[in-house]
Amino acid sequence: MFQGASAINLDAKGRMSIPAKHRDALAVQCEGRMTLTKHPHGCLLFFPRPVWEQHREQIAGWPMSARAWQRIFLGNACDVELDSAGRVLISPELRAAVGLEKEVMMLGMGTHFEIWDAAKLAESEAEAVAGGMPDVLSNFSF
């Protein structure tokens, strides 16, 4: 189960260092093989390859009426591997698609991660808070 936020700086080549707390788990779970794809909310989804393969099969089975969504998720999917320094290369196309610059946030979301431009995530979270708690969470409490 992946959780927590990590602030990361992309290097000049667009590589992202995976935090040590997640690197070891990814090495065991998927031998350092992951998949990145675009999400319409403006972030990248970052999956251990076995988790992605399950989602890929579901997405590939969607009806023709969902073809545009298949293009978003499958058409933008990019397989990546951890290098010897524990980094992954985010393609220029994916970086441009979601506006990743230098400062990014990697959020553990259970089975996968979201990768956000740091400023864009802060803006998105501020909008969510300003919009109030959705009705579906009305009975939720800590």
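Residues numbered from 1 in each chain as written. Predicted model: local features only at pLDDT ≥ 70, side-chain atom pairs only at ≥ 80, totals over all residues. Heavy atoms only, no water.

Per an unreviewed UniProt entry, the protein is named Transcriptional regulator MraZ, and its organism is Massilia consociata. Among the UniProt annotations of the protein, the heading Subunit (unreviewed entry) holds the following wording: "Forms oligomers." The UniProt entry for the protein carries this comment under Sequence similarities (unreviewed entry): "Belongs to the MraZ family." (UniProt positions renumbered as here; feature names shortened; annotations may be inferred.)

Visitor: Just to check I follow, could you spell out the sheet that holds strand β8 (residues 113-117) for this structure?
Guide: Neighbouring strands of a sheet are bound in pairs by backbone hydrogen bonds; such pairs are parallel or else antiparallel. Strands sit in the order β1-β7-β8-β4-β3-β5 across an open sheet of six strands; the sheet is antiparallel. On the outer flanks of this sheet lie β1 (2-9) and β5 (78-81), each paired with one strand and no other. If you compare each strand with its neighbour and ignore which way they point, the axes differ by 25 degrees on average. Two strands pair when backbone bridges link them, and strand β3 (residues 33-39) and β5 are joined in this way by four bridges, in the antiparallel orientation. Looking at the pairing, Met34 lines up with Val80 of β5. (Pairing = 2+ DSSP bridges. Helix = DSSP H or I, 4+ residues; strand = E, 2+ residues; numbered from the N terminus. Axes fitted to C-alpha atoms, helices over the stretch in contact; angles between N-to-C directions.)

Visitor: Even after reading the chapter, I still don't get helix α5 (residues 118-130), so can you show me in this structure?
Guide: Since the α-helix advances by 3.6 residues per turn, residues separated by three or four positions end up pointing in the same direction. Here α5 spans 18 Å end to end across 13 residues, near enough to the 18 Å set by a 1.5 Å rise per residue. At the C-terminal side of α5, Gly132 shows a positive phi close to 85 degrees. (Expected span 1.5 Å × (residues − 1).)

Visitor: Looking at this model, I keep getting lost on helix α1 (residues 20-30). Mind explaining?
Guide: Buried within α1 we find His22, Leu26 and Cys30. The buried residues of α1 all sit within an arc of 35 degrees when viewed along its axis, so they share a single face. Away from the buried face of α1 by more than 90 degrees, exposed residues Lys21, Asp24 and Val28 are located. On its buried face, α1 is in contact with β1, β3, β4 (43-48), α2 (49-60), β7 (103-110) and β8. Positive backbone phi, approximately 55 degrees, marks Glu31, located one or two places after α1. (Buried < 20%, exposed > 50% of the residue type's maximum accessible area, 1.4 Å probe, protein only. Arc of directions from axis to C-beta. Contact = heavy atoms within 4.5 Å.)

Visitor: Before we go on, may I ask you to explain the nonpolar core in this structure?
Guide: A general tendency of soluble globular proteins is for nonpolar side chains to be buried together. Residues Met16 and Phe46 are the most contacted members of the largest nonpolar core, which totals 22 residues. Every element with two or more residues in this core is listed here: β1, α1, β3, β4, α4 (92-98), β7 and β8. With near-sequence residues (within four places) excluded, Met16 lies in contact with Ile8, Leu10, Phe46, Gly86, Arg87, Val88, Ile90, Val104, Met106 and Ile115. (Core = buried A, V, L, I, M, F, W, Y, C linked by side-chain atoms within 4.5 Å.)

Visitor: Got a minute to help me understand the side chain of Arg49 in this structure?
Guide: Here Arg49 is to be found in helix α2. Judged by its relative accessible area of 9%, Arg49 is buried. A distance of 3.2 Å separates the side chain of Arg49 from the backbone oxygen of Val80, its partner in a polar contact. If we skip the residues at most four places from it in the chain, Arg49 touches Cys30, Arg33, Met34, Thr35, Asp79 and Val80. (Polar contact = N/O pair within 3.5 Å; in protein donor to acceptor, adjacent residues only side chain to side chain.)

Visitor: I tried to follow the packing of aromatic side chains on my own but got confused; where do I start?
Guide: Two measures describe an aromatic ring pair: the distance that separates the ring centres and the angle between the ring planes. Scanning the model with the defined rule gives six aromatic pairs in all. Between Phe140 and Phe142, the ring centres sit 4.9 Å apart and the planes meet at 80 degrees, which makes this aromatic pair edge-to-face. With a relative accessible area of 95%, Phe142 lands in the exposed category. Of the aromatic side chains, those joined through ring pairs into one cluster are Phe2, Phe46 and Phe113. (Phe/Tyr/Trp six-rings, centres within 6.5 Å; stacked < 30°, edge-to-face > 60°.)

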